Amino acid sequence: MSFKIHVTGAAEEAVQKVVPTLVDDLVASGITAQNPSLWGADAESEAAKRLGWVEAVSISRPLVAQIEELRATLTARGVNHIVLGGMGGSSLAPEVITKTMDVELTVLDSTAPGQVLSALNDRLETSALVVSSKSGSTVETDSQRRAYEYAFTEAGIDPRERIIVVTDPGSPLDASAREAGYTVFNADPNVGGRYSALTAFGLVPSGLAGVNLNELLDEAESALVDIAIDDAHNPALILAAAIAGTSPRRDKLGIVSDGTHIVGFADWAEQLIAESTGKQGTGILPVVLEPLSTEITAGYPDVQIVRLVDDADQHHLLKHDRHVGEILVSGTLGAQMMVWEYATAIAGRLLGINPFDQPDVESAKVATRGLLDARPEATAPAFVDGGIEVRGTSNVVAGASSVSAVVDALLAELGPDGYVAIQAYVNRLALPQLDGIRDLLAARAGRPVTFGWGPRFLHSTGQYHKGGPATGVFLQITEVSNVDLEIPERPFTFGQLIQAQAAGDASVLAEHGRPVVTLTLTDAQADVEKLFESLNASER
């Protein structure tokens, strides 16, 4: 078997209780047959056009030769560096695929001007850009494409030889890209972005970068034999029951990679699960962890731990009876992707929600567009501590005069089933250490803490933040960048765009009654040190 799963404790009890019903209801074979009625009448119309991913392996096979042919053409032109402009699942799948296969791919899923400039200044003469967007209307991807078109043209390079587009057939981008003379790959329109790992969205950038795509598809195909049938040993049924069927339900899923050969899988799984399940006031909150993270040993009653290991490690852990109560999974990358997609869709059925829509993602986009159109003056900070400007919902920032105090006030809003979400709208190439705040705050908060780089999380976990349980408190980190970059033929810059995205999301969260604090770093490097010092000094 290309995927192995072992459950104990509450997860095992859930499997014993839930899986027989899933087998009797023919859920696995129903998904394989693309039966849209599995999620109820309200979800049926959406599910009817979102189940193409179950046959992604067979549909994608003919793409492989086309991708390899284009790679050879690009190589002949001296192109040896692939950049991907995409957001959400369109970028996270190629990221985990290429990292796991040890192949270089520059993933540009940011609007931070410094990060965009870093990509543009990195081997432009030998680079090609893959633009991935189902609709082509995604503002981040559209802006990245415009920047590269301009840069290629200014460098005397024909953009038609360097820009490759992946989009749905008939989309606005499909039409404009073909008119511009770009190479276009059409993806299956019956697949949502977060389920698109094994479609053209996952395969084109990965294959152009040098990944052996047939190997990846073979891995996925081997898993289909086990997950497509109604059987108590079906690993997708077991995984779905373990993550969504516990009683009382553990609605937070700590995902830890512990010795697995797969690099970055938890980040991909996070967007798949959060965006699929976080709606109608319910959902499963994925929390990406390290082996020594606080949440693993804290024993929170609402957190289920799933540990990604390799086969040999799983055998060792079982032999020594370690990690009782956890879910242990192992398998090849292609198999993991296929199993988790099935399991997430099944989890949606168990939760009584539609796992294929994203009703709350659009709200942040609308708020962003409104801010870009109106260009209001920036709200004055409640106070400034060192170089850090502090803004936030009034009940949190009122009376505070330091970063330490305002973080304490934010954590005081946490309920017994709450979580903290850190959202970093910064150039993560310049501030990679910022994600270290997650572990620091988790130890301080005594509750699970997630970390997301903005704006990419808006296309995934952003759905859970607004549509899931109203138990989160939110710490935004933004920066005053010392560089900016025009977006050709647009009335706003990258710097203005990312500021509007952060402010727009904060306003929507506040409208939903979520406590929000925004810390703006006016001197990024110096203020990061100040921020760490302040969080170390915070006390509940």
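Below, the structure is looked at part by part.

Scoring rules and cut-offs
Residues numbered from 1 in each chain as written. Predicted model: local features only at pLDDT ≥ 70, side-chain atom pairs only at ≥ 80, totals over all residues. Heavy atoms only, no water. 1 Å grid on protein atoms, 1.4 Å probe; cavity = no way out; pocket = protein on both sides within 12 Å on 5 of 7 lines; lining within 4 Å. Points joined across faces, edges and corners; volume = space filled by probe spheres on them. Helix = DSSP H or I, 4+ residues; strand = E, 2+ residues; numbered from the N terminus. Nonpolar A, V, L, I, M, F, W, Y, C, P; charged D, E, K, R; others polar. Expected span 1.5 Å × (residues − 1). Bend = angle between axes of the 7 residues up to and from the residue. Buried < 20%, exposed > 50% of the residue type's maximum accessible area, 1.4 Å probe, protein only. Contact = heavy atoms within 4.5 Å. Axes fitted to C-alpha atoms, helices over the stretch in contact; angles between N-to-C directions. Parallel < 35°, antiparallel > 145°, perpendicular 65-115°, else oblique. Left-handed = near helix turned anticlockwise from the far one by under 90°.

## Quick look at empty space enclosed by the protein
Under the criterion given, the structure shown has one cavity of 30 Å³ or more. A volume near 30 Å³ is recorded for the largest cavity. Along the walls of the largest cavity sit Val131, Ser133, Gly136, Thr138, Thr141, Asp142, Arg145 and Leu173, which together make up its complete lining. Among the elements that make up the lining of the largest cavity, the one with the highest residue count is helix H7 (residues 139-154) (three residues). Taken together, the residues of the lining of the largest cavity break down into two nonpolar, four polar and two charged.

## Considering helix H1 (residues 9-24)
Look at H1: 24 Å from first C-alpha to last across 16 residues, which is about the 22 Å you get at 1.5 Å a residue. Maximal helix bending in H1 amounts to about 35 degrees, located at Val18; proline Pro20 follows within four positions. Along H1, the positions that sit buried rather than exposed are Ala11, Ala14, Val15, Val18, Val19, Leu22 and Val23. For H1, the secondary structure elements touched by its buried residues are strand E1 (3-7), helix H2 (27-32), helix H11 (235-244), strand E9 (303-308), strand E10 (327-331) and helix H15 (333-351). Remark: Leu26 follows H1 within two positions and exhibits a positive phi of approximately 55 degrees.

## A closer look at the packing of helix H5 (residues 89-100) against helix H12 (residues 265-277)
For any two helices packed against each other, the geometry comes down to the angle between their axes and how far apart the axes lie. For the pair H5 and H12, interaxial distance at closest approach is 9 Å and the crossing angle is 155 degrees. Classified by the angle between their axes, H5 and H12 sit roughly antiparallel to one another. Read as a crossing pair, H5 and H12 show a hand that is left-handed. Packed against H5, whose contacting residues are Gly89, Leu92, Ala93 and Val96, the element H12 presents Phe265, Asp267, Trp268 and Gln271 at the interface. A class-by-class count of the residues in the contact of H5 with H12 yields five nonpolar, two polar and one charged.

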